[in-house]
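Chain and residue survey
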Amino acid sequence: MKFRAHETFFIRKGWLSKGMKYVDAREDVFISKDENPMDVLGIGANMVKSLRYWLLAVGLTEEPTTGRRVQRFTPLGRSVFENDRYIEEIGTLYLLQYRIACNLSNATAFYFFFNEFNMSEFSRDDFVAALQNYVKMTDSTEEIAIRSLNDDFTCIINTYVPRFKTNPNRINPESNIDCPFGELGLIDILSKEKKTYRKSIPMASAINPWIALAVIVEQAKGLQEISLNELLTAPCNIGRVFNLDAITMLDILYRIEQLGEIKINRTAGLDVICILHNLDFQDCVASYYASLNEQE
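As a starting point, this report considers the structure included with it. The shown structure was predicted, so the numbers you read here are calculated from the model rather than taken from an experiment.

1. Here we look at empty space enclosed by the protein
In total, this model carries one cavity of 30 Å³ or more according to the counting rule given. Each pocket or cavity is described by its volume, and for the largest cavity that value is around 40 Å³. Lining the largest cavity are K2, F3, R4, A5, H6, Y53, N106, A107, T108, A109, F110 and D152. With three residues, helix α6 (residues 108-115) is the largest single contributor of residues to the lining of the largest cavity.

2. Remarks on the environment of I226
Take I226: it is sitting in strand β6 (residues 225-227). Taking relative accessible area as the criterion, I226 reaches 4% and is therefore assigned buried. For I226 and C274, which are 48 residues apart along the polypeptide, the C-alpha to C-alpha distance reads 6.7 Å. Leaving out residues up to four positions away in the same chain, I226 has contacts with I216, A220, L231, V272, I273 and I275.

3. Details of the sheet that holds strand β3 (residues 121-123)
The antiparallel open sheet is built from three strands, whose spatial order is β3-β5-β4. The outermost strands of the open sheet, each flanked by one partner alone, are β3 and β4 (187-191). Ignoring strand direction, the axes of neighbouring strands in this sheet form an average angle of 40°. Relative to strand β5 (residues 196-199), β4 runs antiparallel, the two being bridged by four bridges.

4. Quick notes on the sheet that holds strand β7 (residues 262-265)
The antiparallel open sheet is built from three strands, whose spatial order is β6-β8-β7. Only two strands of the sheet have a single partner each, and these edge strands are β6 and β7. Going across the sheet, the axis of each strand differs from the next one's by a mean of 25°, ignoring polarity. Relative to the sheet, helix α13 (residues 246-258) contacts β7 and β8 (272-275), its axis offset from that of β7 by approximately 130°.

Scoring rules and cut-offs
Along each chain, residues carry numbers from 1 onward, in the same order as the chain's sequence is written. For this predicted model, a pLDDT threshold of at least 70 governs which residues receive local features, and a threshold of 80 or more governs which side-chain atom pairs are given and counted, while totals over whole chains, interfaces and linings are taken from all residues. The side-chain values count all of the structure's non-hydrogen atoms but skip hydrogen atoms and water molecules. Think of a 1 Å grid over just the protein atoms. A cavity is a set of points where a 1.4 Å probe fits yet cannot get out, a pocket is an open set with protein on both sides within 12 Å along at least five of seven lines, and lining residues have an atom within 4 Å of a point. Grid points are joined across faces, edges and corners, and a volume is the space filled by probe spheres set on the points. Secondary structure elements are defined from DSSP: runs of H or I of at least 4 residues count as helices, runs of E of at least 2 residues count as strands, and each element is numbered from the N terminus. Accessibility here uses a 1.4 Å probe with only protein chains present; expressed as a share of the type maximum, an area under 20% marks a residue as buried, one over 50% as exposed, and anything in between as partly exposed. In what follows, a contact means two residues having at least one pair of non-hydrogen atoms within 4.5 Å. Only strands joined by at least two bridges in the DSSP assignment are considered to pair. Structural elements are reduced to axes, namely lines fitted to C-alpha atoms, with helices fitted over the stretch in contact, and the angle between N-to-C directions of any two is expressed from 0 to 180 degrees.

Below you can see the structure in the form of structure tokens.
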């Protein structure tokens, strides 16, 4: 488990693109002794730590567990860098959302929020109390400072709630301080006065069927048949990581079926999908970016 590794900085627009650019140029950009990372990246020391963390948390890069902690692209990171290095496509954001929402070890609060936290309407106190209990139930030896959990909650809200909703009078339209994940619409403000929030369900049309299929096949772990209930409620599956309800999920599944990649079977009370071809996560990612090129 890891908390507050973001140094209280949420992802700013352009950060991930900048990080990928410099990781591609030199793997040791964050640990170089001959060039100061702050000078190379043009950001302060804590922001350097934060950017390094976010590249790992959203699954763009990885570091070896032993030896020099250089950063290298993951297969997803390489695909994003080659096809959407400025992260302009909503599908890229959904891919990164999937990775961070499943990252129990490096982004524990994000994992908990999407996969274990069942309140659809909530306050900071609701979330922090539930997360504290989760940590105690999962690892009774771990002592986490309450400040860290509060900072993680603030980071989650700043990640998914655009600043024009929280401070509409203070936003410069040219500012890059918003997080691109706000475009996903996964959290909204319920009451500014009470400081309460709610999980929001995205439009089915916002989620490309290849993106949803990438998640489904990876979570299927080789199985060809998966129940609709598992897709909706199992940790790290499409229902959880994308805040879907049953109706929205079915709309997305019907669009995947139209691709010819799954068959939905709702006869005799089965309520399952059958995966028709032997695709893996990266196959689906490649098909997603290929489909964008076909539209141009």
